[in-house]
Amino acid sequence: MAAGVATWLPFARAAAVGWLPLAQQPLPPAPGVKASRGDEVLVVNVSGRRFETWKNTLDRYPDTLLGSSEKEFFYDADSGEYFFDRDPDMFRHVLNFYRTGRLHCPRQECIQAFDEELAFYGLVPELVGDCCLEEYRDRKKENAERLAEDEEAEQAGDGPILPAGSSLRQRLWRAFENPHTSTAALVFYYVTGFFIAVSVIANVVETIPCRGPTRRPPREQPCGDRFPLAFFCMDTACVLIFTGEYLLRLFAAPSRCRFLRSVMSLIDVVAILPYYIGLFVPKNEDVSGAFVTLRVFRVFRIFKFSRHSQGLRILGYTLKSCASELGFLLFSLTMAIIIFATVMFYAEKGTNKTNFTSIPAAFWYTIVTMTTLGYGDMVPSTIAGKIFGSICSLSGVLVIALPVPVIVSNFSRIYHQNQRADKRRAQQKVRLARIRLAKSGTTNAFLQYKQNGGLEDSGSGEEQALCVRNRSAFEQQHHHLLHCLEKTTCHEFTDELTFSETLGAVSLGGRTSRSTSVSSQPVGPGSLLSSCCPRRAKRRAIRLANSTASVSRGSMQELDTLAGLRRSPAPQSRSSLNAKPHDSLDLNCESRDFVAAIISIPTPPANTPDESQPSSPGGSGRASSTVRNSSLAGLLHAPPLGPLGSHLTSELWPKKERTLCLLSG
Amino acid sequence: MAGTDKIEDELEMTMVCHRPEGLEQLEAQTNFTKRELQVLYRGFKNECPSGVVNEETFKQIYAQFFPHGDASTYAHYLFHAFDTTQTGSVKFEDFVTALSILLRGTVHEKLRWTFNLYDINKDGYINKEEMMDIVKAIYDMMGKYTYPVLKEDTPRQHVDVFFQKMDKNKDGIVTLDEFLESCQEDDNIMRSLQLFQNVM
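Predicted, not measured: the structure shown is a model, and the values here were computed from it.

## Focus on the overall build of chain A
Helices and strands together make up the secondary structure of chain A, namely 31 helices and 7 strands. Residues classed as buried in chain A amount to 37% of the 665 residues present. Looking at chain A as shown, the accessible area adds up to about 38,300 Å², and 63% of this sits on carbon and sulfur atoms.

Take a look at the structure:
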């Protein structure tokens, strides 16, 4: 329904009385009006700041959060107000929309934050009023562009991290594109740069007249004719290098068609082709003119430098992007040249021995004058000619000065963009490293928790490590979830170190065959209930068999429990244990029967899920920060149950299981 | 040009705003109180202001909860178990209905939901391939660094054990009745069903 018409609805309905005389059928009965309480003032509490407004105001836009029944989800019956945990400053704008019908965009706020608020309150961005719409769109576009750049930089700049198993082609291509990845690539980069320079300099020096050593009749010859062989050899060497480089790039390119069409490869081809054509063209008089022309193309080798210089690439890109401005410049100049040339020609027509022989001849004068060069080879002599000549030079300045700032601003924008992209790529590595570090923090939290004996029976009366006791409710629930997964799969989470240790242990000579024979036994059908975890049974067996195998931390815990040595679950005890494997192994041999009888059961976390819940129903409804996570965590806790989790339950009822295992021996 | 298209797409997406049914209706349909629904909705709305969760978001959430391994496959199956209408997005009603079953439902309902999760193609039967997919997905969440080392045939063994237990008539598929029967015979499962009752 269009905005604001809700206010006029009673009027329109009252005016329906005007249809009564015309109506041919009786009109339908009116809809049952809910106990009309009249209009009331609603209190909306946004992060502590109270906003009060009429209910009717909010009802004006029934397809938004505040106007629909969705706001009942945020109603706090105790205080009788609607509580939103959002930014109060932004809410001001939202509420003003309901009051005035126009949504204004705050100038000092981040446009992304504003967008998120709009999304939360169910307001479509189109509702932004005309006064603020353009600015909103511009800022949004700018933001989107910058974010797109970020994404591109992330995807493109893989950095030195090479995907494992990349083929020679991929490695070669990467070496070509990013010379900084390896020393060889860098060397290649500089060598090609050197040869480009050599080639260009040779082309230039070829034409310098150099005197011979003996004072023969001064027949000035260009150096190229004096030392043809030397120059030819240098040219050949350069062309060979360039050809080799081109072929290598062609081989390594991921998409050969695209590479063939790219600008850089075209430049490469144009740079080396004249040489080959020159080899096959016979040196007779007719064709040598064309041959000489071909040599001109050798100068295009200087464009190969654009691979080495970013500034050159930016310049080229700017010119490409300013094509329309350049086109306009060219067009207006052409117009002006034609006009003024015509005028000058007719003005100077009468003079004798004038240079202005035709209009095209006058073009040269006009161009030289408009660009304020003024060579002076063609000069008007009549008064009219001089007047028009001065007008010509003045207008020239104007016409050229107009499009130039546009081109300059384009160049500046692209240049700054490039600088930003470079800086971002440099920071990318640091960013990625930090993100990885943060991620490993959560990964390690659970392992730390296990290490600190968080999984041991809390009823032992021992002091648990502070870090285990002082975990937030979210952490507790998260660790419980991970623990459930461990029990479902009968595998434990470990870190890299232990994993590689275990791998090394398994591959120890002589023990391997025994361990594999034990582990390859199929699990019997009836063993589910009797042994709570078939894997654990195997683990015990392996440990007994491999007395010299390196023992992992989990088994350390096990041995602790058995021997009754309740060390405080501090990390130093762990490391001391690791340092002295032999002691624990002696322990192992003595208490073999003990081991067989009792399973090390990592018991559930100290606080049961019941106790750890924040008291939500009775409380004021102001949920703690963990509730948000736990609402989703609740969802995620529930699913892993089921028959697969039967192992889990066995762990949680240790007493019964201990009995069972004692029976099974 | 590409920039404007992208913005238009984004604008289109924000217009897909879903509003849930009234609080009273949801309270009647589920086993939650008004307070609980409010708390649930607040969390949901904060994460997804548009009112729907799509599969990508779901996978990201799961990746954060199980950082060790790759949770995307399991999240995919779980998402399709939630998305009862197979629309590709989970609305608040679906979310709350499923939670109601899982947390406050009867034993039968919970087991039926689990059966539905395992039955990937929703044909009413669980066969070995479906079970393999689910079990593999669960093992994927463990990641690489486990103790003991995960072997190639670990999931297969696990599935065989499961089928030996559940498949009463040994015909290679598990029907809903076989499933319910076997689960109700297993005390461990029955006990653990109460475990997550007070997650909220």
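## Considerations on the overall build of chain B
From N to C terminus, chain B includes 11 helices and 5 strands. In chain B, once contacts between residues fewer than 6 apart in sequence are set aside, the share between residues at least 24 apart is 58%. When the accessible surface of chain B is summed, it comes to about 9,000 Å², and 51% of that surface belongs to carbon and sulfur atoms.

## A look at the side chain of A:Thr64
Looking at the element boundaries, A:Thr64 is found in the loop between helix H2 (55-59) and strand S3 (75-76). A:Thr64 has contacts with A:Tyr98, A:Tyr121, A:Gly122, A:Leu123 and B:Arg19, leaving out every residue within four places of it along the chain.

## Comments concerning the UniProt feature "domain: EF-hand" (unreviewed entry) in chain B
Residue and element names in this part refer to chain B. When the UniProt feature table is mapped to this numbering, "domain: EF-hand" (unreviewed entry) covers residues 70-105, 106-141 and 154-189. As annotated, residues 70-105 comprises 67% helix and 8% strand, and the C-alpha atoms at either end are separated by 30 Å. Helix makes up 72% of residues 154-189 and strand 8%, with an end-to-end C-alpha separation of 21 Å.

## Re the packing of helix H9 (residues 154-166) of chain B against helix H10 (residues 176-185) of chain B
The angle between the axes and the distance between the axes are what describe a pair of packed helices. All names here are of chain B. At a minimum axis distance of 9 Å, the contact between H9 and H10 shows a crossing angle of 95 degrees. As the angle between them shows, H9 and H10 are arranged roughly perpendicular. Residues Phe162, Lys165 and Met166 of H9 lie in contact with H10, whose contacting residues are Glu178, Phe179, Ser182 and Cys183. Looking at the contact of H9 with H10 residue by residue, the class counts come to 4 nonpolar, 1 polar and 2 charged.

## A short note on the UniProt feature "transmembrane region" (unreviewed entry) in chain A
Residue and element names in this part refer to chain A. Under the feature "transmembrane region" (unreviewed entry), the UniProt entry names residues 260-281, 326-347, 359-375 and 387-408. Taken end to end, residues 260-281 comprises 91% helix and 0% strand; its first and last C-alpha atoms sit 26 Å apart. End-to-end, the C-alpha atoms of residues 387-408 are 33 Å apart, and along that stretch the chain is 91% helix and 0% strand.

## Comments concerning the pairing of strand S4 (residues 81-84) of chain A
All names here are of chain A. Going residue by residue along S4, you find Glu81 and Phe83 tucked away on one face and Tyr82 and Phe84 tucked away on the opposite face as well. Of the strand pairs in this sheet, strand S1 (residues 41-46) and S4 are connected by 3 bridges, and their pairing is parallel. Paired with Val44 across the two strands is Tyr82, which belongs to S4. Between the end of S3 and the start of S4, which pair antiparallel, lie 4 residues, with Gly80 showing a positive phi angle near 70 degrees.

## Comments concerning the environment of A:Gln221
All names here are of chain A. Note on placement: Gln221 falls in strand S6 (residues 221-222). Residues Gln221 and Cys210 lie 11 residues apart in sequence; the distance between their C-alpha atoms is 6.2 Å. Excluding its chain neighbours within four sequence positions, the residues that come into contact with Gln221 are Ile208, Pro209, Cys210 and Arg226.

## Some remarks on the sheet that holds S4(A)
Residues and elements named next belong to chain A. Sheet architecture is open: 4 strands sit in the order S2-S1-S4-S3, paired in mixed fashion. With one partner strand each, in any of the chains shown, strand S2 (49-54) and S3 form the two edges of the open sheet. Pairing between S3 and S4: 2 bridges, direction antiparallel. Opposite Asp76, over in S4, you have Glu81 as the bridge partner.

## Points about the side chain of A:Asn410
Among the secondary structure elements, A:Asn410 is positioned in helix H17 (residues 404-451). Ignoring any residue separated from it by four or fewer positions in sequence, one finds A:Asn410 in contact with A:Thr318, A:Ser321, A:Cys322 and A:Glu325.

## As for the confidence of the model for chain B
Looking at chain B, pLDDT values average 82 and 90% of them are 70 or higher. If you check the scores for this complex, the pTM reads 0.55 and the ipTM reads 0.84.

## Focus: the packing of aromatic side chains
Overall, the coordinates contain 42 aromatic pairs over all chains when judged by the stated rule. Look at A:Tyr75 and A:Tyr82: their rings are 4.9 Å apart centre to centre, the planes differ by 55 degrees, and that puts the pair in the tilted class. Taken together, a centroid distance of 5.6 Å and an interplanar angle of 75 degrees make the contact between A:Phe194 and A:Phe195 edge-to-face. By relative accessible area, which is 52% here, A:Phe194 ends up exposed. One aromatic cluster is present, formed by A:Phe51, A:Phe73, A:Phe74, A:Phe84, A:Phe91, A:Phe120, A:Tyr121, B:Tyr41, B:Phe44, B:Phe92 and B:Phe95 through successive ring pairs. Positioned above the aromatic ring of A:Phe120, the side-chain terminus of A:Arg86 is 4.0 Å from the ring centre.

## Observations regarding the pattern of salt bridges
Residues and elements named next belong to chain A. Going through the model one piece at a time under the given rule, you end up with 25 salt bridges over all chains. Two residues, Asp235 and Arg301, come together in a salt bridge whose shortest N-O distance is 3.1 Å. Of this pair, Asp235 sits in helix H9 (residues 228-252) while Arg301 is found in the loop between helix H12 (285-296) and helix H13 (310-321), placing the two residues 66 residues apart along the sequence. Owing to a relative accessible area of 0%, Arg301 belongs among the buried residues under this scheme. Two residues, Glu245 and Arg307, come together in a salt bridge whose shortest N-O distance is 3.8 Å. On the criterion of sequence distance, the pair formed by Glu245 in helix H9 and Arg307 in the loop between H12 and H13 is long-range, its members being 62 residues apart. Sharing partners across several salt bridges, the network here consists of Glu245, Arg249, Asp268, Lys304 and Arg307.

## Quick look at the pairing of S2(A)
Residue and element names in this part refer to chain A. Bridging between S1 and S2 involves 6 bridges; their strand directions are antiparallel. Bridge pairing links Val41 to Trp54 in S2. What sits between S1 and S2 in their antiparallel hairpin is a turn of 2 residues, with Ser47 showing a positive phi close to 50 degrees.

## Observations regarding the packing of helix H3 (residues 88-100) of chain A against helix H4 (residues 111-121) of chain A
All names here are of chain A. Following both chains from N to C, one finds H3 and H4 inclined at 55 degrees, their axes separated by 10 Å at the closest point. Taken as axis vectors, H3 and H4 run oblique relative to one another. Note on packing geometry: the crossing formed by H3 with H4 is right-handed. Residue-level inspection shows Met90, Phe91, His93 and Val94 of H3 in contact with H4, the latter providing Ala113, Phe114, Glu117 and Tyr121. Residue composition of the contact of H3 with H4, by class: 6 nonpolar, 1 polar and 1 charged.

## As for helix H7 (residues 183-205) of chain A
Residue and element names in this part refer to chain A. Helix length check: H7 (23 residues) gives 33 Å between terminal C-alpha atoms against 33 Å at 1.5 Å per residue, within 8%. If you check which residues of H7 are buried, you get Ala185, Tyr189, Thr192, Gly193, Phe195, Ile196, Ser199, Val200, Ala202 and Asn203. If you follow the buried residues of H7, they end up packed against helix H6 (168-177) and H9.

The rules behind each value
Residues numbered from 1 in each chain as written. Chains lettered and ligands numbered in written order. Predicted model: local features only at pLDDT ≥ 70, side-chain atom pairs only at ≥ 80, totals over all residues. Heavy atoms only, no water. Helix = DSSP H or I, 4+ residues; strand = E, 2+ residues; numbered from the N terminus. Buried < 20%, exposed > 50% of the residue type's maximum accessible area, 1.4 Å probe, protein only. Areas by Shrake-Rupley, 256 points an atom, 1.4 Å probe, with all protein chains shown as cover. Contact = heavy atoms within 4.5 Å. UniProt positions renumbered as here; feature names shortened; annotations may be inferred. Axes fitted to C-alpha atoms, helices over the stretch in contact; angles between N-to-C directions. Parallel < 35°, antiparallel > 145°, perpendicular 65-115°, else oblique. Nonpolar A, V, L, I, M, F, W, Y, C, P; charged D, E, K, R; others polar. Pairing = 2+ DSSP bridges. pLDDT = per-residue confidence, 0-100. Phe/Tyr/Trp six-rings, centres within 6.5 Å; stacked < 30°, edge-to-face > 60°. Lys NZ or Arg CZ within 6 Å of the ring centre and 35° of its normal. Salt bridge = Lys/Arg side-chain N within 4 Å of Asp/Glu carboxyl O. Left-handed = near helix turned anticlockwise from the far one by under 90°. Expected span 1.5 Å × (residues − 1).

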